[in-house]
Structures are given as C-alpha cells and as structure tokens.
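Remarks on the overall topology
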Amino acid sequence: MKSIESLYIGGRWCPANSSETITVINPATEQPCATIPKANEQDVIRAIEAARAAFDDWAASSAETRAALMLATADEMQARYDDLVDAHVSSMGCPVSLAGYLHIDAAIEGLRYYAARAARMDEISEQENVTVIKEPIGVCAFINPWNYPLHQLMGKLAPALAAGCTIVTKPAEQTPLQDFIMAEIFDKVGLPAGVFNLVSGSGREIGPLMSGHPQVDMVSFTGSTAAGIQVALSAADTVKRVCQELGGKSPLIITEDADLEAAVRYGVADVMANTGQTCNALTRMLVPASRYNEAVDIAVAAAAEQRVGDPRDPEVTMGPMASNRQRETVIGYIEQGIKEGARLVCGGTQAPSGLEQGAYVQPTIFADVTPDMTIAREEIFGPVLCMISYDDPEDAIAIANDSIYGLAAGVYAKDQASAMAIARRLKAGQCYTQGGYFTIKAPFGGYKQSGNGREWGEHGLDEFIETKAIIGPSD
Ligand code: NAD
C-alpha cells in the first residue's frame, strides 16, 4: 500500500499540520490502496498564502514561459502515463482498457490546447480612447469530484496556468492519487514555487475555508449541486467569482425516422461508460411509442455486451462503482424505480454473478419510466438507463426540458439538419447530435441547476480572466 506523507505547498513537499490521514479504498477489492495526509485549516491558509505570494511574478511572466512549462508538463504526463492509469484503476476502479481514453488522453491534450492559447492574454482591443486588456483573475481554489478526477482538474488547471493564475487544489477524498502525481510532475518541470499547491482533505471541513478566504479570488467547483450551493454560500461574503459545474439528468431524444439501432446503441454505451458515473450521461432515453418495444430490445442486447469485472482485466469494459457508498446510492435508486412501477428489463439490485465482493452493479435498464418518477428526475450516477416513451415530437422536447438540470442533451434524428433543429430547442449547455461526443474544443457547462461555469474550449479560458478597461481623455 502506498503511503503519501506530504502536501505540496509553496514548491515544497511538507508534512500536514495534523497527523490525521485519509485512507483510499480500491473499490474492486474493498482493500486500502493508499493513505494520504488530511489537510486542516492551517494547511489551507499556508497554501493560499503561497499562491498569493507567487501570483504577481507568475501573472507577469510571458505567455511563452507559461506555454513552455505547460508543454513540458504535458510531455512528463505522457512519460508518467502508466502511473496516471494506475491511479484511476486503483482508486476508482476504472477498467484499464478505458482509463487512458476516458481519463488521461484528453487531460494531456487539454494542457497542450491551453498552452497554445496563453498568448490570448496579450490581446488588446482599442476603440477610440478605450483600451481593453486581459489580466489573470488571481488566486484560484479548485474543488474536484471523484468521477473524472484528472480530467476535471485539468479543465480548470490548464486554462488557469495559461492565464497566469495561481492555484490551490483539493481532490475528492476517494480519488486523490493523480493530483499527487501532478505535483511531482510540476516539481520536476520547475513550475515556480507557489503556482500549484495541493491540499488533500475533507470537503466539508476545508472546502468552506477555500471558497470563503478573502485572499482567494475565484473558486471553481465540480461536484454535486448540494455541495456547489454550499460553496457559493461560503464565497458570497467576499464576492469572488464562483464557477459551478454540477449534476445532470440529461435526455437523449430519438426521433421516429432515426436509425434506431445506431441511436439506442449510442445511448446505452453513453450511459454505461465510466460505470455510469458521468455528469453529462444521457440517462433519459426518449423513444417514440411506435418504436418503443423495438428500442427496448436493442437496449437490452447492447447492455448484455458489457463485460463487467476486475478493472485490471484488459477485456473488462465496466468496473465497480467508485465506492461502496456510491453502490448503495445506486441500488437505492433501482429499488425506488421498482417500487414506483418502472419495468426492470435488465440488471437490478443483485451484484453481477461472481462479483459479490467489490462495489459492483449490473448494467441496468428500466422501461415504462414516466417523467414524474424519481428515477427520471434525480441524478442516479450509476449504470442505469431510463427509457421513456413519447407520442409527439413536441412532447419529447417538453419532457427533455422538464428538469432542474440542463448540463447536456442528445438528439438522434434522420439527419444532422433535423437533429440540429431539435437541439436548438433544448435547454442544455452541450447537445450531442447524431452520435456526437464530448470534445475539449467545445465549451462545457450547465443551464439551470447544472451550474453556471464553462470549462474547455475558448470559453474555458475566460473564466480565469479579469477584463480591464483603460480609458484616456476623449478628444
Ligand atoms: P460531491 O459534491 O460530494 O464532492 C465534490 C467535491 O466537493 C469533493 O472534493 C468534496 O470533498 C467537496 N465537498 C463536499 N462537500 C463540500 C462542501 N460543503 N464545501 C466544499 N466542498 C465540498 O460530489 P461527488 O460525489 O464527488 O461528484 C459527483 C457529482 O459531481 C455528481 O453530481 C456529478 O454530476 C457532478 N459532476 C459534475 C461535473 C460537471 O462538469 N458539471 C463533472 C463531474 C461531476
């Protein structure tokens, strides 16, 4: 078992203020795989002070300097690829066959993408006596979830570094290992001391200090809507910028004239990826009543193709849930679905055969789900698909938009033009048409209670920029 003794603060590995530790559990074996320090308030204050002290120099560094360090970091991540894969396999049970593709490749690509955009900070716009320039917002606090631990970190870290911000980051308690690897990498490539600071600890205990501290200029939070609200409340007194990336309950509308086989298979694969622990998963499949039974049969056949098992087996496509706690939450929702009268067509509350140990859940599909059922309204965050039938396309759009969330949506229609016409009417930050997928080139974020931030793409950099106007005398 790995024992990590130190936090990374001010460019140094230093012991945490308290001797308390957090044990990281491998959800496939239910055995501890690492211990990490549990940072307390003094550690957070030290990290914020280090980030503050480093800010002026880093903000004044040239775009070339920042880009070169970011590219060196990306190269070193490539060199440490196997370690990054192992961090995801051991702490969240991600199958080794998917870890690189789902978690690491886009993080490395994202760092390179924003390195190429560091020079955007030097863009100036001039109009008569008004000059508008860009400045980095300052010290940023990042609080991250366990479901895409490296990817979510990088969606914040890469644009923040490109902009010239300094950072204090806190990984989720369950999945901290990749953050420690990143600290080792930054140490090796020579990122200036204090630009990146890592505190591992309890969100409830140190999260409010990170978001409320007056020396923190911006807090970027990814996680549940409930915790995101707490972060915004803690941040309110200091009127800092708050970027929230929260939960979802995203619809996939399949039209009557769509290629049903392709559409349903796409939807099932999307929900089952990462064992259903994906904030933008298309978990509500809306199917025309005329093709409903056919769609259910295709979905059941597609789910049966998932290979559930030991994430270290290269043939496996679905590992355990990231924790036993998450497994219990998902099982609770499956029980609720059965109780409310949805028809279980595959999966269920039993562990997959032969996988009684570990946080495993069967790929599960409910048919005859109605929009008012709990499983159609709340985020389950597990491999559970809800299939809802509709009579008329207008109803499908109304059902799709009838949610407190608005993170993502999907449309599968006869062709791209028809899909686009529906996509324009959906209240969601990203809309995937005809089998489209997430890409780091596109802004990602939510409508409604899915959050207010935009990560990735050109817009992802804007979150870390203050716009300053310098106004001379008018003629
Ligand atoms: P969570 O809210 O329980 O935890 C997220 C982080 O917040 C953790 O680091 C945790 O320690 C910290 N935290 C918990 N309580 C806090 C508090 N009161 N103040 C400050 N920090 C606190 O969420 P989770 O279970 O780790 O992640 C799953 C959720 O994240 C899902 O709802 C999912 O949809 C969402 N998510 C959203 C996105 C997105 O980009 N919109 C991406 C990934 C995950």
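Further remarks concern the overall build of the chain. Looking only at helices and strands, one finds 15 helices and 22 strands in the chain. In terms of C-alpha radius of gyration, the chain reaches 23 Å, essentially the compact-globule figure of 23 Å for 475 residues. Per-residue burial over the chain gives 58% buried out of 475 residues. For the chain, the share of sequence-separated contacts (at least 6 apart) that also reach a separation of at least 24 residues comes to 72%. Carbon and sulfur atoms form 50% of the exposed surface of the chain, whose accessible area is close to 18,600 Å².

Moving on, we come to the site of the ligand. Around the ligand, 27 residues are found, and the nearest of them are N144, E173, S224, L246 and E379. Measuring from an oxygen atom of the ligand, one finds a side-chain N or O atom of W146 at 2.9 Å. For the ligand, a nitrogen atom lies 2.7 Å from a polar atom in the backbone of L246. Computed on the free molecule, the ligand has an accessible area of 850 Å², of which 89% lies beneath the protein chains in the complex. Only α7 (203-212), β11 (218-222) and α8 (225-236) provide two or more residues apiece to the shell around the ligand.

Assigned domains within the chain: domain 1 (2-246 + 450-470) and domain 2 (251-439). A separation of 30 Å is found between the C-alpha centroids of domain 1 and domain 2. The interface of domain 1 with domain 2 comprises 27 residues on the first partner and 29 residues on the second. Both faces considered, domain 1 and domain 2 share a buried interface measuring about 2,300 Å² in area, 53% of it formed by carbon and sulfur atoms. The largest per-residue losses of area from domain 1 upon contact with domain 2 belong to E30, W146 and S450, which jointly make up 22% of the total buried on that side.

All right, on to the packing of helix α1 (residues 41-60) against α7 then. Running from amino to carboxyl end, α1 crosses α7 at an angle of 30 degrees, the nearest separation of the two axes being 10 Å. With respect to each other, α1 and α7 are oriented roughly parallel. The interaxial crossing formed by α1 with α7 has right-handed handedness. Contacts from E41, V44 and I45 in α1 reach E205, I206, L209 and M210 in α7. Of the residues belonging to the contact of α1 with α7, the class tally is five nonpolar, no polar and two charged.

Now for helix α13 (residues 393-401). Restricting attention to buried positions, one finds in α13 the residues A396, I397, I399 and A400. All buried residues of α13 fall inside an arc of 165 degrees around its axis, so they share one side. Those residues of α13 that are buried are in contact with β13 (251-254), β14 (284-288), β17 (384-390) and α14 (416-423).

Relative to the helices and strands, D368 resides in the loop between β16 (364-367) and α12 (374-377). For D368, a relative accessible area of 36% puts it in the partly exposed group. Residues D368 and P383, 15 residues apart in the sequence, show an inter-C-alpha distance of 17 Å. A polar contact of 2.8 Å, which involves the side chain of D368, links it to the side chain of R343.

Quick look at the sheet that holds strand β1 (residues 2-3) now. As summarised here, the arrangement of the three strands in space is β1-β5-β4, forming an open sheet in which the pairing is mixed. The sheet is open, and its two edges are formed by β1 and β4 (21-26), each paired on a single side. Here β4 runs beside strand β5 (residues 31-37); their pairing, made up of six bridges, is antiparallel. Each residue of the ladder has a partner; that of T21, found in β5, is P37.

Of the pairings in the sheet, the one linking strand β2 (residues 6-9) to strand β3 (residues 12-15) comprises four bridges and is antiparallel in character. Counted as the bridge partner of I9 is R12 from β3. Hairpin connection, β2 to β3: the antiparallel pair is bridged by two residues, and G10 has positive phi, about 60 degrees.

Before going further, it helps to spend a moment on the nonpolar core. Formed by 104 residues in total, the largest nonpolar core has its most connected members in M77 and M387. Element by element, the count of residues in this core is highest for helix α4 (residues 96-115), at eleven residues. Of the residues that make up this core, three or more belong to each of domain 1 (2-246 + 450-470) and domain 2 (251-439). Look past the residues within four positions of M387 in its chain and what remains in contact with it is M285, V287, Y292, A295, V296, A299, I365, F366, A367, D368 and V369. Ranked by size, the runner-up nonpolar core spans 32 residues in total, among them F366, Y390, A396 and V411.

A word on the sheet that holds strand β6 (residues 125-127). On the basis of which strands lie adjacent, the open sheet formed by three strands has the order β6-β7-β22 and antiparallel pairing. Lying at the two open borders of the sheet, with one neighbouring strand each, are β6 and β22 (465-471). Looking at each pair of strands side by side, their axes are set apart by 25 degrees on average, direction ignored. Relative to strand β7 (residues 130-136), β6 runs antiparallel, the two sharing three bridges. By the bridge assignment for β7, E126 is matched with T131.

Conventions used here
Residues numbered from 1 in each chain as written. Predicted model: local features only at pLDDT ≥ 70, side-chain atom pairs only at ≥ 80, totals over all residues. Heavy atoms only, no water. Helix = DSSP H or I, 4+ residues; strand = E, 2+ residues; numbered from the N terminus. Rg over C-alpha atoms; globule rule 2.2 N^0.38 Å. Buried < 20%, exposed > 50% of the residue type's maximum accessible area, 1.4 Å probe, protein only. Contact = heavy atoms within 4.5 Å. Areas by Shrake-Rupley, 256 points an atom, 1.4 Å probe, with all protein chains shown as cover. Near = heavy atom within 4 Å. Polar contact = N/O pair within 3.5 Å; in protein donor to acceptor, adjacent residues only side chain to side chain. Domains from an automatic or database assignment. Buried area = accessible area lost by both parts, 1.4 Å probe. Axes fitted to C-alpha atoms, helices over the stretch in contact; angles between N-to-C directions. Parallel < 35°, antiparallel > 145°, perpendicular 65-115°, else oblique. Left-handed = near helix turned anticlockwise from the far one by under 90°. Nonpolar A, V, L, I, M, F, W, Y, C, P; charged D, E, K, R; others polar. Arc of directions from axis to C-beta. Pairing = 2+ DSSP bridges. Core = buried A, V, L, I, M, F, W, Y, C linked by side-chain atoms within 4.5 Å.

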